[in-house]
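Summary of the model geometry
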Amino acid sequence: MKLKWKAKKLTLVIIPDANQSVVRFRIPHLFAYIAAACFALLLLITTITYVLHSHTLKQASELQSKLTGANQQWSATLTSKDKAIEQLQNEVIQLSQQAEQMKTQVEEMKKFEDDLKTIAGLDLNTTGKAVASTESGAVSGPPDETTLDAVSGIGGGPNPASQEDIIELGERTLASFTVLNSEVKELQTSLTETKQKVADKQHLLQITPTLWPTTTKLVTSTFGYRTDPFTHRPSFHSGIDFGAKANDPVYATADGKVVSTGTDIYHGNNIVIEHSKGLRTWYMHLNKIMVNKGDTIVKGNQIGLVGSTGRSTGPHLHYEVLKNGESIDPKPYLKAMRKDE
Ligand SMILES: [Zn+2]
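Per an unreviewed UniProt entry, the protein goes by the name M23ase beta-sheet core domain-containing protein and belongs to Paenibacillus ferrarius.

**Remarks on the coordination of the zinc ion**
For a metal with four tetrahedral donors the ideal donor-metal-donor angle is 109.5 degrees, while six octahedral donors give ideal angles of 90 or 180 degrees. Coordination sphere of the zinc ion, protein contribution only: His 237 (NE2), Asp 241 (OD), Asp 241 (OD) and His 318 (ND1), at 1.9 to 2.8 Å. Every donor counted, the four donor atoms about the zinc ion form angles of 52 to 152° at the centre, which fits irregular coordination. Summarised as a motif, the one-chain spacing of the donors to the zinc ion is H-x3-D-x76-H. Placement of the pair is Asp 241 in strand E6 (residues 240–243) and His 318 in strand E13 (residues 316–323), with a sequence separation of 77 residues. Note on Asp 241: relative accessible area 7%, which makes it buried. His 318 sits in the buried class, given a relative accessible area of 7%.

**Notes on the environment of Glu 171**
Summarising the element assignment, Glu 171 is placed in helix H5 (residues 163–207). Along the sequence, Glu 171 and Ser 96 sit 75 residues apart, while their C-alpha atoms lie 9.8 Å from each other.

**With respect to the packing of aromatic side chains**
Throughout the structure, instances matching the rule amount to five aromatic pairs. Residues Trp 212 and Phe 242 carry aromatic rings whose centres are separated by 5.7 Å and whose planes lie at 70° to one another, so their mutual orientation is edge-to-face. One end of the pair, Trp 212, is in the loop between H5 and strand E3 (219–221); the other, Phe 242, is in strand E6, and 30 residues separate them in sequence. Joined through ring pairs, the aromatic side chains of Trp 212, Phe 242, Tyr 283 and Tyr 319 make up one cluster.

**As for a nonpolar patch on the surface**
On the surface, Leu 41, Leu 44, Ile 45, Ile 48 and Leu 52 cluster together into a nonpolar patch covering about 480 Å² of accessible area. Position of Ile 48 among the secondary structure elements: in helix H2 (residues 29–120). Residue classification places Ile 48 among the partly exposed residues on the basis of a relative accessible area of 45%.

**Topic: the pairing of strand E8 (residues 256–264)**
Of the strand pairs in this sheet, E8 and strand E11 (residues 296–297) are connected by two bridges, and their pairing is antiparallel. Pairing of Gly 256 across the sheet is with Ile 297, part of E11. The pairing of E8 with strand E9 (residues 268–274) spans seven bridges and is antiparallel. Paired with Gly 262 across the strands is Asn 270, a residue of E9. Where E8 hands over to E9, the hairpin turn is made up of three residues, counted between the paired strands.

**Things to note about unusual backbone geometry**
The phi angle of most residues is negative, glycine excepted, and most peptide bonds adopt the trans form. Here His 285, not a glycine, exhibits a phi torsion of approximately 60°, which is positive. Within the secondary structure layout, His 285 lies in strand E10 (residues 279–289). Its identity is not glycine, yet Asn 324 carries a phi of approximately 50°, on the positive side. The residue Asn 324 is located in the loop between E13 and strand E14 (326–328) in this model.

**Thoughts on the UniProt feature "transmembrane region" (unreviewed entry) in the protein**
Within this numbering scheme, the UniProt entry marks residues 30–52 as carrying the feature "transmembrane region" (unreviewed entry). In the segment residues 30–52, helix accounts for 100% and strand for 0%; the C-alpha atoms at its two ends are 33 Å apart.

**A few points about the packing of H2 against H5**
Between H2 and H5, the least distance of the axes is 9 Å, while the angle of their chain directions is 20°. Considering their axes alone, H2 and H5 lie roughly parallel with respect to each other. By crossing handedness, the relation of H2 to H5 is classed as left-handed. Considered class by class, the residues forming the contact of H2 with H5 number 17 nonpolar, eight polar and seven charged.

**Quick notes on the pattern of salt bridges**
Throughout the structure, instances matching the rule amount to eight salt bridges. With a shortest N-O distance of 3.6 Å, Glu 183 and Lys 110 are connected by a salt bridge. Of this pair, Glu 183 sits in helix H5 while Lys 110 sits in helix H2; the two residues are 73 residues apart in sequence, bridging distant segments of the chain. With respect to class, Glu 183 is no different from Lys 110; both count as buried. The network of salt bridges with common partners includes Glu 107, Lys 110 and Glu 183.

Conventions adopted
Residues numbered from 1 in each chain as written. Predicted model: local features only at pLDDT ≥ 70, side-chain atom pairs only at ≥ 80, totals over all residues. Heavy atoms only, no water. Donors = N, O, S within 2.8 Å, 3.2 Å for Na, K, Ca; no water. Tetrahedral: all angles 85-135°; square planar, octahedral: opposite > 155°, others 65-115°. Helix = DSSP H or I, 4+ residues; strand = E, 2+ residues; numbered from the N terminus. Buried < 20%, exposed > 50% of the residue type's maximum accessible area, 1.4 Å probe, protein only. Phe/Tyr/Trp six-rings, centres within 6.5 Å; stacked < 30°, edge-to-face > 60°. Patch = residues over 30% accessible without salt bridge, like charges linked within 9 Å, V, L, I, M, F, W, Y side chains within 5 Å. Areas by Shrake-Rupley, 256 points an atom, 1.4 Å probe, with all protein chains shown as cover. Salt bridge = Lys/Arg side-chain N within 4 Å of Asp/Glu carboxyl O. Pairing = 2+ DSSP bridges. UniProt positions renumbered as here; feature names shortened; annotations may be inferred. Axes fitted to C-alpha atoms, helices over the stretch in contact; angles between N-to-C directions. Parallel < 35°, antiparallel > 145°, perpendicular 65-115°, else oblique. Left-handed = near helix turned anticlockwise from the far one by under 90°. Nonpolar A, V, L, I, M, F, W, Y, C, P; charged D, E, K, R; others polar.

Now the structure itself:
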């Protein structure tokens, strides 16, 4: 059977033009089958190759579009980052300028504190120390203006700042703020101390008899030795006499408390006010006493009227300052004018 199948042959006839002879090929069946199989196989491979190529093309196209999308997204992200960086750079510049302004303000506040101390008559040494500490720090010194100018060129300026410039400026600004922070804290402490000192000084001034006790500044007799108007002999005058008209107002020369009011043939109607630090003031020959023992008196309060009671030759105020019970010269204390003058 096998042999018979192999023995079968196909005859191929090729007919050329009419005047040429016919060509015949005798081909075994097996060869024809093999040829057909080869052709089918070739067709199959071609089809598979085509399908695979198409699939690859489609994938490439998809990848291409994905890449395009991703690229656009990156571009947008980069643009946004660029803007953010530019904004941050501008903020660094602004912050550095603010640090400069704050530095100036802190210096002005220190000067203000010094002025305050000068006005209050306080020692300036403590503030001087604070200023010295400011100037000693390398980071707190004035920034390199050239760099700052270059940096300011960001945003289309002729000299855009390099990233290194900005980073350096940012670091210097941070350092400036750190120094400023400690300086402001120092200033707060210093100002609190100054406020307390000024308040103490104010209190001391209030309890010190610096005010003139009469409207007039006419001193008719000073503290010390003089000729007694009654005996015409040298005698010690333990206060100051202010020449004034009868019933002129008499004022308390400092804050205090009335410790005695009374009258006698020497002092006439008189008032004693106790201040502090062992100081007392004594007002004599009054026409009228306008306060009572125990009254709290504020500097400048009217306490009586000028008169000529007691051992007196005419209307005047005999005014004494006593320190720990001893009369002292009131003149060095008398500095302040009355507020309404
Ligand atoms: Zn006198």
